[in-house]
Amino acid sequence: MHSVPIWDPYQYLRHAGHRTRPFLDLLARVGELPDQGKPARIADVGCGPGNVTALLAERWPAAHITGFDLSPEMLALADKEQAGTTAGGGWMDFRPADAAHWRPDEPYDLIISNAALQWVPNHPESFSDWIDGLTPGGTLAFQVPGNFTSPSHALLGELCEAPQWRARLSGHGRRYVHILEPAEYLMRLADLGCETDVWETTYLQLLTGEDPVLDWVKGTALRPVLTELADDPAAEAEFLAQYRDLLRKAYPPGPHGTVFPFRRVFAIARKAA
Ligand SMILES: C[S@@+](CC[C@H](N)C(=O)[O-])C[C@H]1O[C@@H](n2cnc3c(N)ncnc32)[C@H](O)[C@@H]1O
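The following refers to the structure shown. What you see is a predicted model, and the numbers here were worked out from it, not measured in a lab.

1. Quick notes on the pairing of strand β6 (residues 134-145)
Counting buried positions along β6 gives 9 out of 12 residues, so the element sits mostly inside the fold. For the segment spanning strand β5 (residues 108-114), helix α5 (residues 127-132) and β6, crossover handedness is right-handed. Here β6 runs beside strand β8 (residues 258-270); their pairing, made up of 7 bridges, is antiparallel. Across the sheet, residue T139 finds its bridge partner in β8, namely R270.

In structure tokens, the structure reads:
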């Protein structure tokens, strides 16, 4: 079993609009950062291709922002497209890190993570260190998908356990289910003395094109399967055809496109000033 899925930033970015919306909704609830008399210091954990990291530079133009990610493919694109001086005179850079072990190496005003912590087992156990690493009045903010019981994921999990596939793919449909329920996030963050703001939203994403749900999951939940079958194109094609047929039944196209409901969980914790 490959321990780390190989990411394809270009496939991921094919649905950039729908994927960016929750980040903007998260950002809208992040208040002012502490005024330290110097540019804000921001960490984006699991930054991916850096396109949402760049939105942080729009909100805090002078900030020094560092994106951390485990995927060399994602970091390469982020570095190429986003690194360097920002339009507002700030600075953006990108560094390899495993979020499971990442700890703030200097005080941060904001630690933010969008659609990444679901890949990180035990991430709530890092909260205490991350909040310790915030400046007084600083913020931890994250968003994780909460759709692991939806047909797209349930069908993927079942197919990986089918007799034809389980020897190679057992567990690959569920390797990323590490999220807590919103109430548990709230409790853990409040227990750490933070002011909290936790909520969930189900977006009714209207996708277009042929097999759009398959195209969506190819950028995320299917990465472990695609990584495992990468050296066997015939098996990959067969798996994709079987999964596509299941998705077509679960998400039939309607008159306006294919509705793909997507639940997401948001949490903001502000450290006492
Ligand atoms: C769905 S993408 C989100 C990217 C970006 N935050 C965004 O909102 O567009 C998930 C990202 O999490 C990263 N990731 C997965 N496991 C990780 C880990 N243990 N440590 C750091 N990054 C990780 C992946 O490499 C990928 O870039």
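2. Some words on the site of the ligand
Around the ligand, the structure places 20 residues, and the nearest of them are G48, S71, A99, A116 and W119. Split by residue class, the shell around the ligand holds 12 nonpolar, 5 polar and 3 charged.

3. Re unusual backbone geometry
Phi is positive for N122, close to 60°, though the residue is something other than glycine. The topology assignment puts N122 in the loop between β5 and α5. Despite not being glycine, D211 shows a phi value in the positive range, around 45°. Summarising the element assignment, D211 is placed in the loop between β7 (195-207) and α9 (212-218).

4. Concerning the packing of helix α6 (residues 151-160) against helix α11 (residues 233-250)
Following both chains from N to C, one finds α6 and α11 inclined at 145°, their axes separated by 10 Å at the closest point. Between α6 and α11 lies a crossing of right-handed hand. Residues P151, S152, L155, L156 and L159 of α6 form the contact with α11, whose own contacting residues are Q242, Y243, L246, L247 and A250. Taken together, the residues that form the contact of α6 with α11 break down as 8 nonpolar, 2 polar and no charged.

5. Points about the packing of helix α2 (residues 16-28) against helix α3 (residues 51-59)
Closest axis-to-axis distance for the α2/α3 pair is 10 Å, and the angle between their directions is 40°. Classified by the angle between their axes, α2 and α3 sit oblique to one another. Considering how the two elements wind past one another, α2 and α3 form a crossing that is right-handed. Contact with α2, carried on its side by A16, T20, F23 and L27, involves N51, V52, L55 and R59 of α3 and no other residues of that element.

6. As for α6
For α6, the full list of buried residues reads S152, L155, L156 and C160. End-on, the buried residues of α6 take up no more than an arc of 130°, which puts them together on one face. On its buried face, α6 is in contact with α7 (166-169), α9, α10 (223-228) and α11.

Reading guide: rules and limits
- Residues numbered from 1 in each chain as written.
- Predicted model: local features only at pLDDT ≥ 70, side-chain atom pairs only at ≥ 80, totals over all residues.
- Buried ≥ 20, exposed ≤ 12 C-beta atoms within 10 Å, placed from the backbone.
- Helix = DSSP H or I, 4+ residues; strand = E, 2+ residues; numbered from the N terminus.
- Right-handed = clockwise from strand over helix to strand, strands pointing away.
- Pairing = 2+ DSSP bridges.
- Near = placed C-beta within 6 Å.
- Nonpolar A, V, L, I, M, F, W, Y, C, P; charged D, E, K, R; others polar.
- Axes fitted to C-alpha atoms, helices over the stretch in contact; angles between N-to-C directions.
- Left-handed = near helix turned anticlockwise from the far one by under 90°.
- Contact = placed C-beta atoms within 7 Å.
- Parallel < 35°, antiparallel > 145°, perpendicular 65-115°, else oblique.
- Arc of directions from axis to C-beta.

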